[in-house]
Amino acid sequence: MGFLISLLSIILLLNGINAINYSGLYLKPLDFRWIGKFCFDEQGGSIHVTRFQSTSNTTKILLYSDSNPHYNEILNDFGQGDISCQEKISWANYTYTNPDNVGVISDSRNYNVKKVSQNRDRFWMIVMADCDNKFVEDHSLPFVSTYTFDVENSGDAFDSQLSAEQQSIPQGQIFFFLLYTGFLISSIIYSVILKKKGLEGKAIHFFIAILIVFLISLALYISNWAHILKFHKYELRFLNLFGNIFEILGNGLFVALILMIGQGWTTSIYFGSLVKQIINILVSITLIVIGWVAYVYYVYHSKEQNSYIYFMDTCPGYFLLALYVVIIGYFCWANYVNRNKQNESIKKNFILIFTIIFVFWLISHPLVVIVAHFMDPWVKYKVISLLNLAINAIFFIILLIIFRPSHNNMIVKILQSDDKSNDMKEIKESEKPYNGADMDLNMSN
């Protein structure tokens, strides 16, 4: 199902692309009406108003660049009203004035096209306001204003329709969707071969489930981009919400998988400590639940005026950061204990190499948080989104190499015995009851 959704999304992305369109009503004079925020890249872009009508000729569409010294003041004043309406209008970088009367057919009117040029990617805030004192004196005056305008960036067929902090994300997510699909197909083939050869396949089965979760996440993300670019409108936030929910779920499940493999699941007879299994489950559930809470509360319900927020770069996200540090210590300790129990050098070496490799995957999460915290807001979204996908892809490839379906690969052999079996045999021999021969020998002595 996820594949079909994403295939449809790719088709939508490649057809009927146009500028992002903003349209709506402004019904409350004296209030600043938030319309949107768009990041133009360093090559610039354009804003083209195609309809601007109002019952008042003092209504304005206002543009504010983040180079404006009052930009953050205006952002923080939404919903507060601490700064006067007139003062905020005077701070605008660009203003559309002289609206047509409501109801007038103005298709032939050619409003100015605002060409944006700048030396770096910049956010532009778009608002609507009417601060005429007549509305202060008489609140009963009828008022309605409508607007329609297109915003277009520079770049290719994808990027020209996206805010600069979003550029390259749809293409990247489509690439990783196809790559993860390749991983899934390879894993299914692995599973079939392992079964035919009588080799251990439980780890690959778990990995297949994780890949499906990540593919569902990517399918939801791509579907959201498809809606934005096909219909030239705002995102469907619920698609982004569930995309992140599945991504967080996938990461939590992958943590559980590497913890279990390091402790000997499917590779050692020493796996099975009830306490460790409970800890593994609790760690995974905690990562998933707190990640969901952090995303829903701090990201999904954040104000539209806010820049991109990485859910790990929040208060509960910092708790997750500390938890990852604890997991790294637990991962290394549990693997060390498991390694010391092994009698086969090949398994000792496997645990050591597996620990060294996948501890870097665990470390990558705190590192991404640090990168996100100090990154400029106009590049943070794209870098974090694609960086997480790339890191996962690297370690997915390593996992597929480790569990390759070959009789020469000791890691996928069915657990039937261990070198400790010789020790067990000696113990059992020493515990045998004396037979007749033993008795005769003792009597002769």
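Structural data are supplied above this passage.
Residues numbered from 1 in each chain as written. Predicted model: local features only at pLDDT ≥ 70, side-chain atom pairs only at ≥ 80, totals over all residues. Heavy atoms only, no water.

Lay out empty space enclosed by the protein with the relevant residues and their values.
Tallying each qualifying case throughout the model produces one cavity of 30 Å³ or more. In this structure, the largest cavity spans a volume of roughly 50 Å³. Residue lining of the largest cavity: Asn251, Trp361, Ser364, His365, Val368, Asn388, Ile391 and Asn392, and that is the complete set. Those elements that place two or more of their residues in the lining of the largest cavity are α10 (345–374) and α11 (377–402). (1 Å grid on protein atoms, 1.4 Å probe; cavity = no way out; pocket = protein on both sides within 12 Å on 5 of 7 lines; lining within 4 Å. Points joined across faces, edges and corners; volume = space filled by probe spheres on them. Helix = DSSP H or I, 4+ residues; strand = E, 2+ residues; numbered from the N terminus.)

Quick rundown of the side chain of Asn392? Include the residues and the values.
Mapped onto the fold, Asn392 is located in helix α11. Ignoring sequence-local partners within four residues, the contact set of Asn392 consists of Tyr180, Phe214, Asn251 and Trp361. (Contact = heavy atoms within 4.5 Å.)

Can you lay out a nonpolar patch on the surface for me, pointing to particular residues and giving the numbers?
A cluster of nonpolar side chains, contributed by Leu352, Ile353, Ile356, Phe360, Ile363, Leu367, Ile370 and Phe374, occupies part of the molecular surface with about 800 Å² of accessible area. Position of Ile370 relative to the elements: it lies in helix α10. Under the relative-accessibility criterion, Ile370 is labelled partly exposed at 47%. (Patch = residues over 30% accessible without salt bridge, like charges linked within 9 Å, V, L, I, M, F, W, Y side chains within 5 Å. Areas by Shrake-Rupley, 256 points an atom, 1.4 Å probe, with all protein chains shown as cover. Salt bridge = Lys/Arg side-chain N within 4 Å of Asp/Glu carboxyl O. Buried < 20%, exposed > 50% of the residue type's maximum accessible area, 1.4 Å probe, protein only.)

So, α10: which residues are in play, and what are the values?
Relative to the 44 Å expected for 30 residues at 1.5 Å per residue, α10 spans 44 Å between its end C-alpha atoms, a close match to the ideal helical length. Bending of α10 peaks at approximately 30° at the position of Ser364, with proline Pro366 no more than four residues after it. (Expected span 1.5 Å × (residues − 1). Bend = angle between axes of the 7 residues up to and from the residue.)

Outline the layout of surface pockets, listing residues and values.
Approximately 260 Å³ is the volume found for the second largest pocket. As for the second largest pocket, its lining consists of 15 residues, and the residues nearest its centre are Tyr71, Asn72, Phe123, Ser307 and Pro377. The biggest single contributor to the lining of the second largest pocket is helix α2 (residues 71–77), with four residues. In the lining of the second largest pocket, the residues fall into seven nonpolar, four polar and four charged. (Nonpolar A, V, L, I, M, F, W, Y, C, P; charged D, E, K, R; others polar.)

Break down the pattern of salt bridges for me, with residues and values.
Pairs may arise between side chains of opposite charge once their charged atoms sit close together. Enumeration according to the criterion identifies four salt bridges in this entry. Where Asp66 meets Arg122, a salt bridge forms, and the shortest distance between an N and an O atom there is 2.9 Å. With a gap of 56 residues between them, Asp66 in the loop between β4 (60–65) and α2 and Arg122 in strand β7 (residues 122–129) connect regions that are remote in the sequence. According to the relative accessible area criterion, Asp66 is buried, its value standing at 18%. When its relative accessible area of 15% is taken as the criterion, Arg122 is described as buried. A salt bridge links Lys88 to Asp77; the nearest nitrogen and oxygen atoms lie 2.8 Å apart. Note that Lys88 is positioned in helix α3 (residues 85–90) and Asp77 in helix α2, a separation of eleven residues in sequence. We note that Lys88, like Asp77, is buried.

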